[in-house]
Structure formats: C-alpha cells, structure tokens
Amino acid sequence: MASDIALAEGVALLLGVGLGLLAPWLLQQRRSSRRHLPLNDQMLQWLRQAPVGVLVLDQRQTVRLVNGKACVLLHLEGEETTREQRPLLEAIRCHQLEEVSDRARRTGQLQRVKWVFTSTSRNPHHLEPVTTEQLEAVALPGHQGWVGVFLLNRHFLLAQREQQERWVSDVAHELKTPLTALRLVSESLVDSCNPRQARLMERLQKEIVRLQSLVEDLLELSRLESTLLQHHTTAVTVVDHVKAAWQFLLPLAEPRHVGLTITSTSPAVTIPADASRLQRALLNLLDNALHYSPSHSTIQVKIVEDRNWLKLDVEDQGSGFSETDLQHVFERFYRGDASRARASSLSGSGLGLAIVQQIATTHGGHVRALNRPEGGASVRLTLPTNPPVSQETRLMVGR
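Residues numbered from 1 in each chain as written. Predicted model: local features only at pLDDT ≥ 70, side-chain atom pairs only at ≥ 80, totals over all residues. Heavy atoms only, no water.

1. Details of the environment of arginine 103
Basically, it comes down to this: A helix here means a DSSP run of H or I that spans at least four residues, while a strand means a run of E at least two residues long, and both kinds are numbered starting from the N terminus.
Topologically, arginine 103 is positioned in helix H5 (residues 95-107). With 37 residues separating them in the primary sequence, arginine 103 and leucine 140 have C-alpha atoms 10.0 Å apart.

Below, the structure written as structure tokens:
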C-alpha cells in the first residue's frame, strides 16, 4: 500500500493548504456574529477556486460555503452559491458528509471517511451511464462548532497505485524463471571449474540466491496487496508462532550464540489472523533483530494484551536505530547503516520490514520502530484482538 506513501503525502499536503487557508477564518469566529462568512475577498476566492472540494459548515450543519470542485465531485447541478445557507442534507444529500462532520464537531478531532459514490443523470429523457467514483472527505473541527470539510477523488490515485503494483508484479514474475535457470546452470558448472573459477561461481550463486529472494519478496508484497484477509483468518496462538519462526533462524543464531526469550501476559493468547502471513511477519521481525544483534546476546519478545489490541515487541541488544532509520525503516528497499549489522553475511532484500508493515495493515494493525532507553532497537507489532470489520464506508479517527 507504497503506496500509499504518495497518497498519504498528497492528502497531507491538501490538509496543510486547507488549514492555512481556514485558520484566519476559524480565529475570527469568536469575534464575529454576522450571517455571512467572515472571510476577506481574497481568501474566499482561493477557497472557491481550490483544486479540492471545500465545504464550510456552521454549528447547525448549515452550508456556509461550497466551492465548485465539491459540486463537481458530488455531481451537483446548478451554482454552488444556491446551496449555501441551507442544511447540509437538504443542500447536498450526502449522509457520509453529515456523519463525518458531525463526528468531527463532537470529538474535536480530525475525521476521515471514504465511500463509493454512484450517480446517474436526473433527467429521465437523457439517461447517462452510471458513474462510480471513490471519494474521501476530511473534516476539520473549528471554533464554536464550525467544521471545514475537504473532498478529493481517490480514483485516479488508486488507479496509478494499482498500475505501479501491477508493473512490479509483472517484472517479478518475468525474472523468476530466468533466475531459476541461471541457478541451475551455475550449479552444474561448479564441478568442471578450476579453484579460481569455483570461487567466482560461488559468488555468482550467492548473487542469484539474493535476487531470487528479492523476487519472492516482491511477489509476496503483491499478493498481500491484492488478497482479501477475511477469507483466511483463524484463531492463532501467538507464542507458538513466535517459537516456530525462531526455529527457522536457529542455524544462523546458534553459531553466534544469540538466544531468544519470550514473555507474555498469557501463554495461550490468541488473535484472529492469517496464520501463514503472521508467521512471515514474525520471521521477518526476528530475522531483522538477529541481523543487528551482537554475538552472545539475547533477543526479547514481549507480548502484552491492551484492551482490544495485542502488542508484540521484538527487542535486540544492538546499537539501535539511527534517526534516519526511524524515518525510513519501513520503506521498500531501505537498508539501515551496514556498520550496525553484526553479521555481514546476512544480506537482505530491503523488503523485510515493508512486508511486516503490509501484513500489519492488512490485519487492521500497525508497526512501529523505536530505540530502547537501555540500548538496542525495538519493533512493536500491534494487532487487533477482534476480527477487523471490512466495509466500503468507514470512519477513521485521525492520529
């Protein structure tokens, strides 16, 4: 869902511009009791001509401003000014906007709603094809119950993201077959090589294995982004899956005398999850911790239930994350400072923690990296203990 990075940055930029435009107006609400909007002409013109939809609602859910872009996104006919000074549901008839603005007013926090919008021509004599768009609204609470709402069409952003993901998946599939052939050829040539050539062939085989691992990780990310979770969830015992993941890493951990300790508020704690995906996430977290752990050290896994969430911390005794690492560690192909690694032979694809993040997102959770006060790094995987609800329209409280 990199996705996701470009989409998030775009929304953040729109919100930043919107807050900058609305801040003077919101501050004037306490000093003004006039019926018209307390905006100067220039600011009013900016809002009306903004490239995103803008709605301004007073404490009674009356539309005080709606710009042209909002009318286009909502397929409203007529001038936008004819909808001002009217109740929201009467002027626009959009229950999603009613709900998100009301929640922003009640909670005093940013609120976001996404929904699929379908429209047809209202003229029975000129029937037009049904149009379906994916809209998103962000509601910002102001003073005295006023709310500013920003609208944007997510269809083009999602289409661009899907095209990029499809391209990456296609390339990975195309690379898989020739890499397998190269590996088989290199293995067959080892026996006929002299010592110098054998060393070169060994290096070639390592690079082929690394590229195969990269291709498999890319394909795994593609599968995670395109597969629905709810069809694969079962009750998973977390401690057992941590132990099973560690067994895969024992051949790498034992020569360096790196051990594992697990502490849990309940050894039998279970969560609804895709067992294979959770196993992959735990394996990647433990592998990352092992990669940066010094010899003769211990990796600690702490599992805590907190209300409706399960928090799983994987802690190592290495040098911790740098400031740059903390900002980019979950980005695709990002690799931390090589000097931090305790085992130079462990060369990852740079997709391990990105896969963990995607798995967490798919399960309705999230992942976070931080440094321990006593030294070392910690990665916290937070997952819901109740099954995530899948629905087209959903409200999300902004963080």
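From this point on, the discussion continues.
2. So, the confidence of the model for the protein chain
Quick reminder of the rule: pLDDT is defined as a per-residue confidence score from the predictor, taking values between 0 and 100. Note on definitions: a residue-residue contact is assigned when non-hydrogen atoms from the two residues lie within 4.5 Å.
Taken over all residues, the pLDDT of the protein chain has a mean of 78, while the share at 70 or more is 74%. Below pLDDT 50 for its whole length, residues 388-399 participates in 27 contacts with residues either more than four positions away or in separate chains.

3. Focus on unusual backbone geometry
With the exception of glycine, the majority of residues adopt a negative phi angle, and the majority of peptide bonds are in the trans configuration. For clarity, the cut-off: The classification of residues rests on relative accessible area computed with a 1.4 Å probe and restricted to protein chains. Under 20% of the type maximum is buried, over 50% is exposed, and intermediate values are partly exposed.
Residue histidine 257 is not a glycine yet carries a positive backbone phi of 60 degrees. Mapped onto the fold, histidine 257 is located in the loop between helix H8 (238-253) and strand S8 (259-264). Overall, the relative accessible area of 49% leaves histidine 257 in the partly exposed class. Positioned with a positive phi, arginine 307 is a non-glycine residue whose angle comes to about 55 degrees. For arginine 307, the position within the fold is in the loop between strand S10 (298-306) and strand S11 (309-315). Taking relative accessible area as the criterion, arginine 307 reaches 80% and is therefore assigned exposed.

4. Here's the deal with the pairing of strand S2 (residues 62-66)
To be explicit about the condition: Strands pair, by our definition, only if DSSP identifies at least two bridges between them.
Of all five residues in S2, five are buried; the element is thus mostly enclosed. In this sheet, S2 lies alongside strand S1 (residues 53-57) in antiparallel orientation, the contact comprising three bridges. From the neighbouring strand, leucine 57 faces S2, where its bridge partner is valine 63. The loop that links S1 with its antiparallel partner S2 comprises four residues; one of these, glutamine 61, has a positive phi angle of about 60 degrees. In terms of strand pairing, S2 meets strand S3 (residues 86-87) through two bridges, oriented antiparallel. Note that in S3 the partner of valine 63 across the bridge is arginine 86.

5. What to know about the nonpolar core
For the record, the criterion: Side-chain atoms within 4.5 Å are what join buried Ala, Val, Leu, Ile, Met, Phe, Trp, Tyr and Cys residues into a set we call a nonpolar core.
Ile303, Leu312 and Leu381 are the most contacted members of the largest nonpolar core, which has 49 residues in total. The element contributing the most residues to this core is H8, with eight residues. When near neighbours in sequence (up to four residues on either side) are disregarded, leucine 312 contacts Val238, Val242, Leu282, Leu285, Val301, Lys302, Ile303, Val379, Arg380 and Leu381. If you look at the next biggest cluster of nonpolar residues, it comprises 25 residues, including Trp115, Phe117, Ala139 and Val147.

6. Some remarks on the packing of H8 against helix H9 (residues 275-291)
What counts here: Lines are fitted to the C-alpha atoms to define the axes, a helix being fitted only along its stretch in contact, and any angle between axes, read from their N-to-C directions, falls within 0 to 180 degrees. Every angle not falling under 35 degrees, over 145, or within 65 to 115 is termed oblique; those three ranges are roughly parallel, roughly antiparallel and roughly perpendicular. We call a crossing left-handed when the near helix sits turned anticlockwise from the far one by less than a right angle, and right-handed when that turn is clockwise.
Direction vectors running N to C along H8 and H9 enclose 45 degrees, while the axes themselves pass 9 Å from each other. As the angle between them shows, H8 and H9 are arranged oblique. Judged by the sense of rotation from one axis to the other, the crossing of H8 with H9 is right-handed. The segment H8 lies against H9, with Val238, His241, Val242, Ala244, Ala245, Trp246, Phe248, Leu249, Leu252 and Ala253 engaging Ala275, Gln279, Leu282, Leu283, Leu286, Asp287 and Leu290.

7. Observations concerning the side chain of serine 101
Its location among the elements puts serine 101 in helix H5. If we skip the residues at most four places from it in the chain, serine 101 touches Leu57, Gln61, Leu88, Ala139, Val147 and Val149.

8. Here we look at H9
In plain terms, the rule: Expected span of a helix, by definition, is 1.5 Å for each gap between consecutive residues, and there is one gap fewer than residues.
In this model H9 runs 24 Å from its N-terminal to its C-terminal C-alpha over 17 residues, within 8% of the 24 Å that 1.5 Å per residue would give. Burial analysis of H9 places twelve of its 17 residues in the buried class, the great majority of the element. Buried within H9 are the following residues: Arg277, Leu278, Gln279, Ala281, Leu282, Asn284, Leu285, Leu286, Asn288, Ala289, Leu290 and His291.

9. Describing the environment of leucine 89
Turning to its location among the elements, leucine 89 is positioned in helix H4 (residues 88-91). Overall, leucine 89 belongs to the partly exposed group, its relative accessible area being 32%. Along the backbone, leucine 89 and threonine 62 are 27 residues apart, and their C-alpha atoms lie at a distance of 8.9 Å. Here leucine 89 is in contact with Cys94, His95 and Glu98, once residues within four sequence places are set aside.

10. A look at the pattern of salt bridges
The following threshold applies: Any carboxyl oxygen of Asp or Glu within 4 Å of a side-chain nitrogen of Lys or Arg constitutes a salt bridge here.
In the structure shown here, the tally under the stated rule is twelve salt bridges. A salt bridge links arginine 106 to aspartate 102, with the nearest nitrogen and oxygen atoms 2.9 Å apart. Of this pair, arginine 106 and aspartate 102 both sit in helix H5, four residues apart, which is roughly one turn of the helix. In this structure aspartate 102 comes out as partly exposed when scored by relative accessible area, which is 28%. Here the residues in one salt-bridge network are Lys302, Glu315, Arg372 and Glu374, joined through shared partners.

11. Re the sheet that holds S10
Across the sheet, which stays open at both edges, the five strands sit in the order S8-S10-S11-S13-S12 with mixed pairing between neighbours. Both outer strands of the open sheet, S8 and strand S12 (366-371), are each paired with one neighbouring strand and no more. Between one strand axis and the next, the sheet turns through 15 degrees on average, direction left out of account. Where S8 and S10 come together, six bridges link them in parallel fashion. Looking across to S10, one finds that serine 264 is bridged to isoleucine 303. The sheet strands contacting H8 are S8, S10 and S11, and the helix crosses S8 at an angle near 175 degrees. H9 contacts S8, S10, S11 and strand S13 (377-384) of the sheet and is inclined by roughly 30 degrees relative to S11.

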